[in-house]
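The chain contents come next:
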Amino acid sequence: MSIILSLTSSIALHRGINKILWGNTSDDGVEKFEYTTKFSVGFSKILNESEPDKKDIEIIMPIANKRKWEGFMEFKDNPALFSLTWSCITERQTQCGKCGACIARRLAAKLGGIEDTTKYRSKEFDNPLSIKQMNNPKNIPLGSVFKSPRGPE
């Protein structure tokens, strides 16, 4: 994330932008410090120290304390806008639909009640969650969609 934020920040500074919006959630990067609000605040301080002429550089994380499905609920009334967001980590043209990030996205859309009109290369995917978990998403362990097999029925 440091490299991505460095590149993003450099482009933003070059364009005169001082606020960077980062859409990660509490499910993203579980147990990885670089995905935390504390990290973004510290990174912003470093940017401000390195660019003394450009003040108030800020990395904003508006949904960092929400689960992915809770953050995606912002799109509930606008599924067309949701379909324009990107999650895939393997493809560049059309989202694959099967990588961990795509599966987390697809499940978050289902859990958030969003009609997912996103074009995926693969229409089908293996849901790693049980029916019980799908019916009570608040009890799904953080990050479990990325690293665990189907939960208990």
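The notes below deal with the structure included here.

Definitions and limits used
Residues numbered from 1 in each chain as written. Predicted model: local features only at pLDDT ≥ 70, side-chain atom pairs only at ≥ 80, totals over all residues. Heavy atoms only, no water. Helix = DSSP H or I, 4+ residues; strand = E, 2+ residues; numbered from the N terminus. Buried < 20%, exposed > 50% of the residue type's maximum accessible area, 1.4 Å probe, protein only. Contact = heavy atoms within 4.5 Å. Expected span 1.5 Å × (residues − 1). Polar contact = N/O pair within 3.5 Å; in protein donor to acceptor, adjacent residues only side chain to side chain. Phe/Tyr/Trp six-rings, centres within 6.5 Å; stacked < 30°, edge-to-face > 60°. Lys NZ or Arg CZ within 6 Å of the ring centre and 35° of its normal.

Some points on the side chain of Arg67
Here's step 1: Looking at where Arg67 falls in the secondary structure, it is placed in the loop between β2 (58-60) and α3 (68-72).
Here's step 2: Residue Arg67 is classed as buried on the basis of its relative accessible area, which comes to 12%.

Remarks on the side chain of Thr25
Here's step 1: Within the element layout of this structure, Thr25 appears in the loop between β1 (19-21) and α2 (37-50).
Here's step 2: Ignoring any residue separated from it by four or fewer positions in sequence, one finds Thr25 in contact with Ile63, Ala64, Lys66, Arg67 and Lys68.

Comments concerning helix α5 (residues 100-111)
Here's step 1: With 12 residues, α5 should cover 16 Å at 1.5 Å per step; its first-to-last C-alpha distance of 16 Å lies within 8% of that length.
Here's step 2: For α5, the buried fraction is high: 10 of the 12 residues fall into the buried class.
Here's step 3: Those residues of α5 not exposed but buried are Ala101, Cys102, Ile103, Ala104, Arg105, Arg106, Leu107, Ala108, Ala109 and Leu111.

Let's talk about the environment of Lys19
Here's step 1: Along the chain, the position of Lys19 falls in strand β1.
Here's step 2: The partly exposed category is assigned to Lys19, whose relative accessible area is 43%.
Here's step 3: Spatially, the C-alpha atoms of Lys19 and Ser87 are 21 Å apart, while their sequence positions differ by 68 residues.
Here's step 4: Here the side chain of Lys19 touches Glu58 through a polar contact of 3.0 Å, side chain to side chain.

Topic: the packing of aromatic side chains
Here's step 1: Enumeration over the complete set of coordinates arrives at 6 aromatic pairs.
Here's step 2: A centroid spacing of 6.1 Å and a plane angle of 45 degrees characterise the contact between Trp22 and Tyr35, whose relative ring orientation is tilted. One end of the pair, Trp22, is in the loop between β1 and α2; the other, Tyr35, is in the loop between β1 and α2, with 13 residues separating them in the sequence.
Here's step 3: Its relative accessible area of 25% is what places Tyr35 among the partly exposed residues.
Here's step 4: Ring geometry for Phe33 versus Phe39: centroids 5.9 Å apart, planes at 85 degrees, classification edge-to-face.
Here's step 5: We classify Phe33 as partly exposed; its relative accessible area is 47%.
Here's step 6: An aromatic cluster is present here, built from Phe33, Phe39 and Phe43 joined pairwise through their rings.
Here's step 7: One cation-aromatic arrangement involves Arg105 over Phe82; the distance from NZ or CZ to the ring centre is 4.4 Å.

Regarding the environment of Thr36
Here's step 1: Within the fold, Thr36 resides in the loop between β1 and α2.
Here's step 2: Owing to a relative accessible area of 27%, Thr36 belongs among the partly exposed residues under this scheme.
Here's step 3: Between the alpha carbons of Thr36 and Thr25 there is a distance of 9.0 Å; along the sequence they are 11 residues apart.

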